[in-house]
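# Tertiary structure, described
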Amino acid sequence: MSRLLEVKNLSKFYTSKQGFFGAKSETVKAVNRITFHIDEQETLGIVGESGCGKSTTGRAVLRLHEPTEGEILYRGKDLCGLSLEEMKPYRQKMQIVFQNANSALDPRWTVEQSLVEPIRLHNPEIGRQELDQRIDRLMEEVGFAPMYKKKYPHEFSGGQRQRIGIAKAISVSPEFVVCDEPVSALDVSVQAQVLNLMKKLQRERKLSYMFISHDLSVIRFISDRVGVMYAGRLVEVAETKEFFENALHPYSRVLMAAVPKPVVMDDKDELYRGIGTIAKASKEGCPFCSRCAQADGRCRAEMPEQREVTPGHFVSCHLYD
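These numbers come from a predicted model, not from an experiment. (Residues numbered from 1 in each chain as written. Predicted model: local features only at pLDDT ≥ 70, side-chain atom pairs only at ≥ 80, totals over all residues. Heavy atoms only, no water.)

### Concerning helix 10 (residues 250-258)
Helix 10 sits mainly inside the fold: seven of its nine residues count as buried. Among the residues of helix 10, those classed as buried are P250, Y251, S252, V254, L255, M256 and A257. The elements touched by buried residues of helix 10 are strand 3 (43-47), helix 8 (216-222), strand 9 (225-230), strand 10 (233-239) and helix 9 (240-245). (Buried < 20%, exposed > 50% of the residue type's maximum accessible area, 1.4 Å probe, protein only. Helix = DSSP H or I, 4+ residues; strand = E, 2+ residues; numbered from the N terminus. Contact = heavy atoms within 4.5 Å.)

As structure tokens, then:
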């Protein structure tokens, strides 16, 4: 499979005003120089705790949030610096499924109106008959009879609204979709239905996904490769099987340990001391060092570079120099 998306040293910084009249300001590094790629028909799962920069990364890749620096190469074309008009063809090829389906759908519009809008935007010449046929096919693809297109969002359940959100994302025939925690608000049984639908659409439409989640079981089910984020940095990237059998970074192992298991864990084990602890990332060294039981002076003073430990398995940790 060929390379679809390549992200190099992507950063997104925000300025936070503090004090009277914003006299003081602080730079918040939401995403800090991360590098990864996604191949055609591949799913890269991005996992990490709340606030680590997962959603910001997805939106920066689509330029919904303008990157501070870095390169976003889509089939070799750098999207950074393109004008709004130049970005229009790529808006059709790159779509997003939001976490909250309610906010993605206008409550005043029927499902049909919500699906018609993006199609007409990118295909203004399309005729009414062809448009109706296309909407009916979309409804059937996500598991609805065409008659449901006349209903409003409030007439559907949460899982059904998310399927409509997926239909809206694929309505313009994209190649790449950012899935921003699309099942986190759903019941477990409904999660399974939506995930199976997304895998089916990926096979039939040859889609590539960047799937963002904080749920390791979801990431394990849907991803071909896994990327772990912490404090704005990508600390580990590996194939899914390799990651779950041999997670290397201390933070990755903490995430694994945090998953509930039907056994009694030894709370004195040093590996678990960081769970539940909110700590500000180090400015100079490894962002995880204040929570890592294996950190030493070098970890606090020097930022680890990403290195390939085994073929296809990358980790940013001094333990693997």
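There's plenty left to go through after this.
### Brief notes about the environment of D39
Along the chain, D39 turns up in strand 2 (residues 24-39). Within polar-contact distance, the side chain of D39 engages the side chain of R3 at 2.8 Å. (Polar contact = N/O pair within 3.5 Å; in protein donor to acceptor, adjacent residues only side chain to side chain.)

### Looking at the state of the cysteines
Summed over the entire model, instances satisfying the criterion amount to zero disulfides. Free cysteine: C317, not disulfide-bonded; nearest cysteine sulfur from C299 at 6.3 Å. (Disulfide = S-S within 2.5 Å.)

### Section: unusual backbone geometry
One non-glycine residue, R33, lies in positive phi territory at about 55 degrees. Note on placement: R33 falls in strand 2. For R33, a relative accessible area of 44% gives the class partly exposed. Positive phi values are uncommon outside glycine, yet S173 reaches one of about 60 degrees. When you line up the elements, S173 lands in the loop between helix 6 (158-170) and strand 7 (176-180).

### Here we look at the nonpolar core
Membership of the largest hydrophobic core comes to 53 residues, with the highest contact counts inside it found for M198, F211, V228 and F243. Membership of the second largest hydrophobic core comes to 29 residues, among which are V7, I38, L82 and M94. (Core = buried A, V, L, I, M, F, W, Y, C linked by side-chain atoms within 4.5 Å.)

### A look at the sheet that holds strand 4 (residues 69-74)
Ordered by their spatial adjacency, four strands build an open sheet running 2-1-4-5, and the pairing between neighbours is antiparallel. Each edge of the open sheet is held by one strand with a lone partner, namely strand 2 and strand 5 (77-78). With twelve bridges connecting them, strand 1 (residues 3-18) and strand 2 associate as antiparallel partners. The residue bridging K17 from the neighbouring strand is S25, located in strand 2. Lying over the sheet, helix 1 (residues 54-61) contacts strand 1, strand 2 and strand 4, oriented at roughly 120 degrees with respect to strand 1. (Pairing = 2+ DSSP bridges. Axes fitted to C-alpha atoms, helices over the stretch in contact; angles between N-to-C directions.)

### Some points on the packing of helix 4 (residues 111-122) against helix 5 (residues 128-141)
Each pair of packed helices gets described by two things: the angle between the helix axes and the distance between those axes. Running from N to C, helix 4 and helix 5 cross one another at 120 degrees; their axes reach a closest spacing of 10 Å. Relative to helix 5, the crossing made by helix 4 is right-handed. Of helix 5, the residues touching helix 4 (which contributes V111, E112, L115, V116, I119 and R120) are R128, L131, D132, R134, I135, L138 and M139. Taken together, the residues that form the contact of helix 4 with helix 5 break down as eight nonpolar, no polar and five charged. (Left-handed = near helix turned anticlockwise from the far one by under 90°. Nonpolar A, V, L, I, M, F, W, Y, C, P; charged D, E, K, R; others polar.)

### So, the side chain of R225
Structurally, R225 is set in strand 9. A relative accessible area of 10% places R225 in the buried class. One polar contact links the side chain of R225 to the main-chain carbonyl oxygen of H37, over a distance of 2.4 Å. With sequence-adjacent residues up to four places away left out, R225 is seen in contact with H37, I38, E42, T43, L44, G45, V237, A238, E239 and T240.

### Let's talk about the sheet that holds strand 11 (residues 307-310)
Taking strand neighbours across the sheet as the criterion, the eight strands line up as 6-7-8-3-9-10-12-11 in an open arrangement whose pairing is mixed. Only two strands of the sheet have a single neighbouring strand rather than two, namely strand 6 (94-97) and strand 11. Averaged over all pairs of adjacent strands, the angle between strand axes in this sheet comes to 20 degrees, irrespective of strand direction. On the sheet, helix 1 packs against strand 3, strand 6, strand 7, strand 8 (208-213) and strand 9 and is oriented at approximately 155 degrees with respect to strand 8.

### What about the confidence of the model for the protein chain?
Of the residues in the protein chain, 91% reach a pLDDT of 70 or more, and the chain-wide mean stands at 89. Considering only residues more than four positions removed or in separate chains, one finds that residues 267-279, a stretch of pLDDT under 50, has 19 contacts. (pLDDT = per-residue confidence, 0-100.)

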